[in-house]
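The chain contents come next:
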Amino acid sequence: NEDEEDLKLKGYVYDNRDISIDKFDNSKDSYNITVNLEANQRYKIRVYNDGNSSAKYNLSVKSANIITIGDEFTDNVTKTDESTFFYFTPTNSGLYTIEWYNKDEEDLKLKGYVYDNRDESIDKFDNSKDSYNITVNLEADQIYEIEVYNEDNSNAEYILTVKSANIITIDGEFTDNV
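Just so you know, these numbers come straight off a predicted model, no measurement behind them.

Caption draft 1: Main features of the side chain of T97. Its location among the elements puts T97 in strand β7 (residues 94-102). Judged by its relative accessible area of 13%, T97 is buried. Within polar-contact distance, the side chain of T97 engages the side chain of T135 at 3.3 Å. Apart from residues lying up to four places away in sequence, T97 is in contact with N133, I134, T135, T161, V162, K163 and A165.

Caption draft 2: The arrangement of the environment of D119 in detail. Note on placement: D119 falls in the loop between β8 (110-115) and β9 (121-126). Looking at D119, the relative accessible area reads 18%, which means it is buried. For the pair formed by D119 and E145, sequence separation is 26 residues and the distance between their alpha carbons is 8.0 Å.

Caption draft 3: Fine view of the pattern of salt bridges. Per the counting criterion, the structure on display carries three salt bridges. Close ionic contact of K44 with D18 constitutes a salt bridge, the shortest N to O distance being 3.0 Å. Of this pair, K44 sits in strand β3 (residues 44-49) while D18 sits in the loop between β1 (9-14) and β2 (20-25), and the two are 26 residues apart along the sequence. In this structure, K163 engages E99 in a salt bridge whose closest nitrogen and oxygen atoms are separated by 3.6 Å. Of this pair, K163 sits in strand β12 (residues 156-164) while E99 sits in strand β7, and the two are 64 residues apart along the sequence. Given a relative accessible area of 37%, K163 falls into the partly exposed group. Note on E99: relative accessible area 22%, which makes it partly exposed.

What counts, and where the lines are drawn
- Residues numbered from 1 in each chain as written.
- Predicted model: local features only at pLDDT ≥ 70, side-chain atom pairs only at ≥ 80, totals over all residues.
- Heavy atoms only, no water.
- Helix = DSSP H or I, 4+ residues; strand = E, 2+ residues; numbered from the N terminus.
- Buried < 20%, exposed > 50% of the residue type's maximum accessible area, 1.4 Å probe, protein only.
- Polar contact = N/O pair within 3.5 Å; in protein donor to acceptor, adjacent residues only side chain to side chain.
- Contact = heavy atoms within 4.5 Å.
- Salt bridge = Lys/Arg side-chain N within 4 Å of Asp/Glu carboxyl O.

In structure tokens:
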């Protein structure tokens, strides 16, 4: 929403057979959805205002930043960056650790959220250190989203990883190579 007005956008994404494959219901100033699309197909987005006000809005469709579980993803944030979004899909249900660390020596104050496939926040990170991690319980074959933003006037490079958490059972044994 570009204006100060309270704009209540709603809409649908349709495939080439006019079947709804996702919807959005916005009660905030911005909203995003992640949809798995096939190549060489036509898609339609229908947007309508469910409120009594009128205002300008921007609509963009772009390729997603996909994170492979177990791999590192490097990104650079600047003081002028807006949120950056990353997406991943666990193949197994269970606990996963989401970790980031500052690759540069700059003081980096990253903040962010982890969202489930209903775009509801399931955890957040608010960091004032050079590294941070959270462990969350995730379901298999669901698309999850990580939002990262910089709350400071610094520019820095950071590394983000999502990996299966190491679990030790009570009266069990855990072996790891260091």
